[in-house]
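Listed here are the chains, written in short residue letters.
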Amino acid sequence: MSTLATEVEVGRAVGVTVSEDTLTVDLDDGRTISVPTGWFPRLLYGAPAERGNWRLIGHGVGIHWPDLDEDVSIEGLLKGRASGESHGSLKRWLESRDRGRSPVEPA
């Protein structure tokens, strides 16, 4: 039995929007990709200002959020890949964020 590999034409990101529940990426070929923000827990837990602070990397083959230490590839989005971060890693990251907040600062 043989199977055919399907190649995905990977566009380059030209625009990014992150809401509380959706990551939306506009590509240079006119496509728009939308995935649940929950696929990337650091985006989910990030504040709106942190989610809005992104930059394109590799001429649009990926997106980087410096405040959240998160990187997402366009190819991964097109293939339906969510974050591969382990529960333990995410827990440590969340704990480090909590330690950095003052007692009166809102979560």
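Thoughts on the overall build of the chain
Link 1 in the chain: A tally of helices and strands in the chain yields 4 helices and 6 strands.
Link 2 in the chain: Secondary structure elements of the chain, listed N to C terminal, follow the sequence β-β-β-α-α-β-β-β-α-α.
Link 3 in the chain: Looking at the chain as a whole, 30% of its 107 residues are labelled buried.
Link 4 in the chain: Considering only intrachain contacts with a sequence separation of at least 6, the fraction spanning at least 24 residues in the chain is 44%.

A word on the pairing of strand β3 (residues 32–36)
Link 1 in the chain: Side-chain alternation along β3 places Ile-33 and Val-35 on a buried face and Thr-32, Ser-34 and Pro-36 on a face that remains uncovered.
Link 2 in the chain: Hairpin connection, strand β2 (residues 22–27) to β3: the antiparallel pair is bridged by 4 residues, and Gly-30 has positive phi, about 95 degrees.

Focus: the environment of Asp-21
Link 1 in the chain: Within the secondary structure layout, Asp-21 lies in the loop between β1 (13–18) and β2.
Link 2 in the chain: In this structure the C-alpha to C-alpha distance between Asp-21 and Val-35, which are 14 residues apart in sequence, comes to 8.5 Å.
Link 3 in the chain: Excluding its chain neighbours within four sequence positions, the residues that come into contact with Asp-21 are Val-35, Pro-36 and Thr-37.
Link 4 in the chain: For Asp-21, the side chain forms a polar contact with the side chain of Thr-22, separated by 3.2 Å.

Digging into the sheet that holds strand β6 (residues 70–73)
Link 1 in the chain: Taken in spatial order, the 3 strands line up as β4-β5-β6 in an open sheet, and their pairing is antiparallel. Of all strands in the sheet, those bounded by a partner on one side alone are β4 (55–57) and β6. The sheet shows a mean angle of 30 degrees between the axes of neighbouring strands, direction not considered.
Link 2 in the chain: Sheet topology places β4 next to strand β5 (residues 62–65); 3 bridges connect them, and they run antiparallel. Its bridge partner being in β5, Ile-57 is matched across the sheet by Gly-62.

Considerations on the sheet that holds β3
Link 1 in the chain: On the basis of which strands lie adjacent, the open sheet formed by 3 strands has the order β1-β2-β3 and antiparallel pairing. Pairing within the sheet leaves two strands with one partner each, and these edge strands are β1 and β3. Between one strand axis and the next, the sheet turns through 15 degrees on average, direction left out of account.
Link 2 in the chain: As judged from the 5 bridges shared by β1 and β2, these two strands associate in the antiparallel manner. When the bridges of β2 are listed, Val-18 appears paired with Leu-23.

What counts and what doesn't
Residues numbered from 1 in each chain as written. Predicted model: local features only at pLDDT ≥ 70, side-chain atom pairs only at ≥ 80, totals over all residues. Heavy atoms only, no water. Helix = DSSP H or I, 4+ residues; strand = E, 2+ residues; numbered from the N terminus. Buried < 20%, exposed > 50% of the residue type's maximum accessible area, 1.4 Å probe, protein only. Contact = heavy atoms within 4.5 Å. Pairing = 2+ DSSP bridges. Polar contact = N/O pair within 3.5 Å; in protein donor to acceptor, adjacent residues only side chain to side chain. Axes fitted to C-alpha atoms, helices over the stretch in contact; angles between N-to-C directions.

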